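A structural walkthrough
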2 protein chains.
Amino acid sequence: MALINENFSNLKENYLFIDIAKKIKAYRQANPDKELIRMGIGDVTRPLAPAVVEAMKKGADEMGHRETFRGYEDSGRGYGFLRNAVSGYYKTMGADIDPDEILISDGAKSDCGNIVDIFGSGNTVLITDPAYPVYVDSNVMSGKEIIYASSNEGNGFAAIPDENVKSDIIYLCSPNNPTGSVYTKEQLKKWVDYAISQKAIIIFDSAYEAFIRDKDLPRSIFTIEGARKCAIEISSLSKTAGFTGTRCGYTVIPKELEAYKSNGEAVNVFKIWCRRQGSKFNGVSYPVQCAAAAVFTPEGQAQTHADIDYYMENAAIMTETCDELGIKYTGGKNSPYIWLKCPNNMESWEFFDYLLNEIQVVGTPGEGFGPNGKGWFRLTAFGTRENTIEAMNRLKKLLK
Amino acid sequence: MALINENFSNLKENYLFIDIAKKIKAYRQANPDKELIRMGIGDVTRPLAPAVVEAMKKGADEMGHRETFRGYEDSGRGYGFLRNAVSGYYKTMGADIDPDEILISDGAKSDCGNIVDIFGSGNTVLITDPAYPVYVDSNVMSGKEIIYASSNEGNGFAAIPDENVKSDIIYLCSPNNPTGSVYTKEQLKKWVDYAISQKAIIIFDSAYEAFIRDKDLPRSIFTIEGARKCAIEISSLSKTAGFTGTRCGYTVIPKELEAYKSNGEAVNVFKIWCRRQGSKFNGVSYPVQCAAAAVFTPEGQAQTHADIDYYMENAAIMTETCDELGIKYTGGKNSPYIWLKCPNNMESWEFFDYLLNEIQVVGTPGEGFGPNGKGWFRLTAFGTRENTIEAMNRLKKLLK
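Within any chain, residue numbers begin from 1 and follow the written order of that chain's sequence. Ligands are numbered from 1 and chains lettered from A, in the order in which they are written. Local features in this predicted model are restricted to residues of pLDDT 70 or higher, and side-chain atom pairs are both shown and tallied only at a pLDDT of 80 or more, whereas totals for entire chains, interfaces and linings draw on every residue. Think of the side-chain values as coming from all heavy atoms in the structure, minus any hydrogens and water.

1. Description of the pattern of salt bridges
A pair is scored as a salt bridge if a Lys or Arg side-chain nitrogen falls within 4 Å of a carboxyl oxygen belonging to Asp or Glu. Evaluation of the coordinates by the stated rule reveals 46 salt bridges over all chains. The salt bridge involving B:Arg83 is made with B:Asp100; its shortest N-O contact spans 3.3 Å. Of the two residues, B:Arg83 is situated in helix α3 (residues 80-93) and B:Asp100 in the loop between α3 and β2 (102-105); the sequence distance between them amounts to 17 residues. One connected set of salt bridges, linked through shared partners, spans A:Glu54, A:Lys57 and B:Asp61. Counting from the N terminus, the helices are DSSP H or I runs at least four residues long and the strands are E runs at least two residues long.

Take a look at the structure:
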């Protein structure tokens, strides 16, 4: 009798964004004439940069000729040209990462979810509350014990470590999804010191690093001393270069990073992850890797930075609106997310329905990211300028 | 203390193809002047079909314009245009598969490896010996009990079910990698009947279905009565259309397929897999999906069939050589693999070294696929015509 993995019964019934999609669908069916403005799911709206499109087409052309055709990638970890480009990008952030420590992925979500495979079920997993649902769900699926670090209004929705708490695997995300908060170097150093003291490993999600404009804020955990002993960084081009539908990311595992057998014997994490990927992944499409490499050329950097500027101007329009309306929020600076306190003491889903029904603006209920998100709400700056302005105007009209 | 998943200690030290790559590298360093002919790893050599390249470039262009840009796919299961195309393709094989039962993947290896996530650790997993190493390794990693069904010279390397053996999850591959054997409808019906009697689920790997030219042989398990009650089919465009470096495949899970909780309660498998993918996968690159859809157009079918014809002519050259040399083999008909008995009672790795050192031909040692592969050897028909002819000439000279 084929037995299902019963850990799946411990998951919440549905994935947050599926719930939202259902509500939207129902609203649309009931109100076919109303135009919705989507500021919920963190999807981008700007097209791929011209340099990126050209590189992908060139890659596709190469695949069409015997002399330049590429089959399986030998390692499945990404072509050297792309790993070198990412390594160079890290240099601009002040982190020294060898190309051989970089593994090209089909996006941060896959590696974020699949990384649980290499850790034993005896680990205590520390996740900030609120957090990106993938951290929780992937660990629930693999039956691991989860505890939470509180991100709340008091600490600016940037949880800090508690030395009295024992944990083995720690998920951090900065700039944070959903709260938009960004760790300072000092705060991140506290996490690194804590992890080292616990012999724990930090899974650091830096998918939103490109939105950091303040030069004093760390864009990679590997700019923090000690991080090579305790951290894996998972990043993505989804938000950096509009790759949400193109699918490419990268994961950094320092060669010296170790985890442990229950008898205390140290095991090299990079090798174990490669072994996992060697059996369950076969590398990223060659033309997509060509497209990704183009992001890191001077031309690609200029073009994708312009897109991020565009989104950050949206964010400024949104934070100005919140300021004007006296709405409390975090994020919006160095982050594409605005995390706001629902006005009039509304609950998250109540505010979701309110915005959907009254002004046809779709956001994301904070409690979908964890209990501490109750009464909070996430808006994203990834929309078009017109929609962002229109949504903020509607919001002002509604709440003034 | 971050604990590693200790099941990884139970894996064989290295992945077969990594061992081979190391041996090749060492040989090349010692003999830089010698030209190797690679007939080992099952990689293709023909470029992507023109229709496929054009579709990918068109998709890339669409990504470069705001009006046609695509971000996250709503479902992550693949665009309707591609699922419809795959459904139509199944019709030509005589299988009625709803587009909603098709999930687009980044290749068969990912889904084959990741499918273990949805099954509990209490399952007994039945794998044929020899088999594609991913089946074994992914189950070892997740700590499942594995038993083997013997594929051997006596049964033409096509294992048949034993009603006295209890199993819960069954891996089958036809046309088989590595043995090239192809199940008849009658043989596959026996497996379906066996699986239903056990309430087991068959993971059916049909990655090589496009090589079946005999109209009486089943190209999908879903051409067999009862299979919808007991089977998942995982397939790929890697060999069908040279997508080894382009990365796209598809998995079929009938909507009515059930697995069980330990208390006997039935659970819908499609839903659980979607839940898994919803947290650990984010869909396939849009331009790659465009490329994949082009495979199923009349033009794409004509072009990719011509490539398969080319490989099958290689296979014919290889089987003729084996016949001439009196070497026993399976496969080579309706399959790109020739599975041959090492001459002169040589062991697999011995024959590997012999071919590498004497005639610079690289094959795959049969025992890399399991104990029953001892003394057997895999060659693939995916090389160029020139290399195939040259390798066979060298082999004739060596063994005559």
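The structure having been displayed, the exposition proceeds.
2. Here's the deal with unusual backbone geometry
Residue and element names in this part refer to chain A. With omega at -5°, the peptide bond leading from Ser174 into Pro175 counts as cis. With respect to the helices and strands, Pro175 occurs in the loop between β5 (169-173) and α6 (185-198). Look at the link from Asn177 to Pro178: it is a cis peptide, with omega at 15°. Within the element layout of this structure, Pro178 appears in the loop between β5 and α6. In this structure, Lys199 is a non-glycine residue whose phi angle is positive, near 55°.

3. Re the relation of the copies chain A and chain B
Think of it as a corkscrew move, a rotation about one axis and a shift along it, taking one chain copy to the other. For the pair chain A and chain B, the relating rotation is 180°, the translation along its axis is 0.0 Å, and the fit reaches an RMSD of 0.0 Å. A rotation of that kind, with that shift, is consistent with a two-fold axis. Within chain A, A:Lys57 has its C-alpha nearest the rotation axis, a separation of 2.6 Å. Same-surface contact between copies: 100% of interface residues of chain A are shared with the interface of chain B. To superpose the copies, least squares is applied to the C-alpha atoms of every residue with a pLDDT of at least 70 in both. Contact between two residues is taken to exist if any of their heavy atoms lie within 4.5 Å; hydrogens are not considered.

4. Structural notes on the nonpolar core
By nonpolar core we mean a set of buried residues, namely Ala, Val, Leu, Ile, Met, Phe, Trp, Tyr and Cys, connected to one another through side-chain atoms within 4.5 Å. For every residue, the accessible area obtained with a 1.4 Å probe (protein chains only) is divided by the maximum for its type, and the residue is called buried under 20%, exposed over 50%, and partly exposed between those limits. The biggest cluster of nonpolar side chains holds 138 residues, and the ones touching the most others in it are A:Trp191, A:Ile202, A:Phe243, B:Trp191, B:Ile202 and B:Phe243. Excluding anything up to four places from it in sequence, A:Ile202 contacts A:Ile170, A:Leu172, A:Trp191, A:Val192, A:Ala195, A:Ile221, A:Cys230, A:Ala231 and A:Ile232. By size, the runner-up hydrophobic cluster in this structure holds 74 residues, among which are A:Ala2, A:Val267, B:Val267 and B:Trp273.

5. Section: the side chain of B:Lys261
Mapped onto the fold, B:Lys261 is located in the loop between β9 (258-260) and β10 (266-268). In this structure, B:Lys261 is in contact with A:Met1, A:Leu3, A:Ile4, A:Glu6, A:Ser9 and B:Val267, ignoring residues within four places of it in sequence.

6. What about the packing of helix α1 (residues 16-30) of chain A against helix α10 (residues 348-359) of chain A?
Residue and element names in this part refer to chain A. All axes are obtained by fitting lines to C-alpha atoms, using only the stretch in contact for helices, and the reported angles, taken between N-to-C directions, cover 0 to 180 degrees. Look at α1 against α10: their axes get within 11 Å of each other, and the N-to-C directions meet at 35°. Of the two possible hands of crossing, α1 and α10 adopt the one that is right-handed. Listed contacts from α10 to Leu16, Asp19, Ile20, Lys23 and Tyr27 of α1 are Trp349, Phe352, Asp353, Leu356 and Asn357. Residues of the contact of α1 with α10, tallied by class, amount to 6 nonpolar, 1 polar and 3 charged. Here a crossing is taken to be left-handed if its near helix is turned anticlockwise relative to the far helix by less than a right angle, and right-handed if that turn runs clockwise. Classes in brief: Ala, Val, Leu, Ile, Met, Phe, Trp, Tyr, Cys and Pro nonpolar; Asp, Glu, Lys and Arg charged; the others, Gly included, polar.

7. Here we look at the packing of aromatic side chains
Two aromatic rings, taken as a pair, are described by how far apart their centres are and by the angle between their planes. All names here are of chain A. By convention, a stacked pair of Phe, Tyr or Trp rings (six-membered ring in the case of Trp) has centres within 6.5 Å and planes under 30 degrees apart, an edge-to-face pair has planes over 60 apart, and any other such pair is tilted. Going through the model one piece at a time under the given rule, you end up with 42 aromatic pairs over all chains. Between the aromatic rings of Tyr337 and Phe382, the centroid separation amounts to 6.2 Å while the plane-to-plane angle is 90°, which identifies the pairing as edge-to-face. On the criterion of sequence distance, the pair formed by Tyr337 in strand β12 (residues 337-341) and Phe382 in the loop between β15 (376-380) and α11 (385-399) is long-range, its members being 45 residues apart. What makes Tyr337 buried here is its relative accessible area of 1%.

8. Focus on helix α5 (residues 133-141) of chain B
Residue and element names in this part refer to chain B. Burial analysis of α5 places 9 of its 9 residues in the buried class, which makes it a mostly covered element. Within α5, burial applies to Pro133, Val134, Tyr135, Val136, Asp137, Ser138, Asn139, Val140 and Met141. The positive-phi residue at the C-terminal boundary of α5 is Gly143, with phi of around 70°.

9. Topic: the environment of B:Asp216
Residue and element names in this part refer to chain B. Position of Asp216 relative to the elements: it lies in the loop between β6 (201-205) and β7 (231-236). Accessibility expressed as a relative area gives 61% for Asp216, which makes it exposed. It is 7.7 Å that separates the C-alpha atoms of Asp216 and Lys185, two residues lying 31 residues apart in sequence.

10. Quick look at the sheet that holds strand β8 (residues 249-252) of chain B
Note: strands within a sheet are paired through backbone hydrogen bonds, in either parallel or antiparallel orientation. Residue and element names in this part refer to chain B. Spatially, the 7 strands line up as an open sheet ordered β2-β8-β7-β6-β5-β3-β4, and their pairing is mixed. The sheet is open, and its two borders are formed by β2 and β4 (145-150), each paired with just one other strand. Neighbour to neighbour, the strand axes of the sheet diverge by 20° on average, direction disregarded. The pairing of strand β3 (residues 124-129) with β4 spans 6 bridges and is parallel. The residue of β4 that forms the bridge with Asp129 is Ser150. Relative to the sheet, helix α6 (residues 185-198) contacts β3, β4, β5 (169-173) and β6, its axis offset from that of β5 by approximately 170°. The pairing criterion is simple: DSSP has to find at least two bridges between the two strands.

11. Concerning the interface of chain A and chain B
With 86 residues of chain A at the interface, the matching set in chain B holds 86 residues. Counting each side, the surface lost to burial between chain A and chain B is near 7100 Å², with a carbon and sulfur contribution of 56%. In this structure, B:Asp137 engages A:Arg275 in a salt bridge whose closest nitrogen and oxygen atoms are separated by 3.2 Å. Distance and chemistry together define a polar contact, namely a pair of N or O atoms within 3.5 Å, with one atom able to donate a hydrogen and the other to accept it when in protein, and with adjacent residues in sequence counting only for side-chain atoms on both sides. Remark: the boundary between chain A and chain B carries 44 residue pairs in polar contact (both at pLDDT 80 or more). By residue number, the principal contributor to the side of chain A that touches chain B is helix α7 (residues 269-280) of chain A, which donates 7 residues. Partitioning the side of chain A that touches chain B into residue classes produces 33 nonpolar, 31 polar and 22 charged. Using a 1.4 Å probe, buried area is obtained as the accessible area two parts lose upon being combined, added over both of them.

12. As for the pairing of strand β6 (residues 201-205) of chain A
Regular strands have side chains that alternate between both faces of the sheet. All names here are of chain A. Counting buried positions along β6 yields 5 of 5 residues, so the element is predominantly enclosed. Burial along β6 is two-sided: the residues Ile201, Ile203 and Asp205 and Ile202 and Phe204 are all buried. Note that β5 and β6 share 5 bridges and pair parallel. Looking at the pairing, Ile170 lines up with Ile202 of β6. The handedness of a crossover follows from its direction of travel: if, with the strands pointing away from the viewer, the path from the first strand over the helix to the second runs clockwise, the crossover is right-handed. As a crossover connection, the stretch from β5 through α6 into β6 is right-handed. Across 4 bridges, β6 lies against strand β7 (residues 231-236) in parallel orientation. Counterpart to Phe204 in the pairing with β7 is Glu233.

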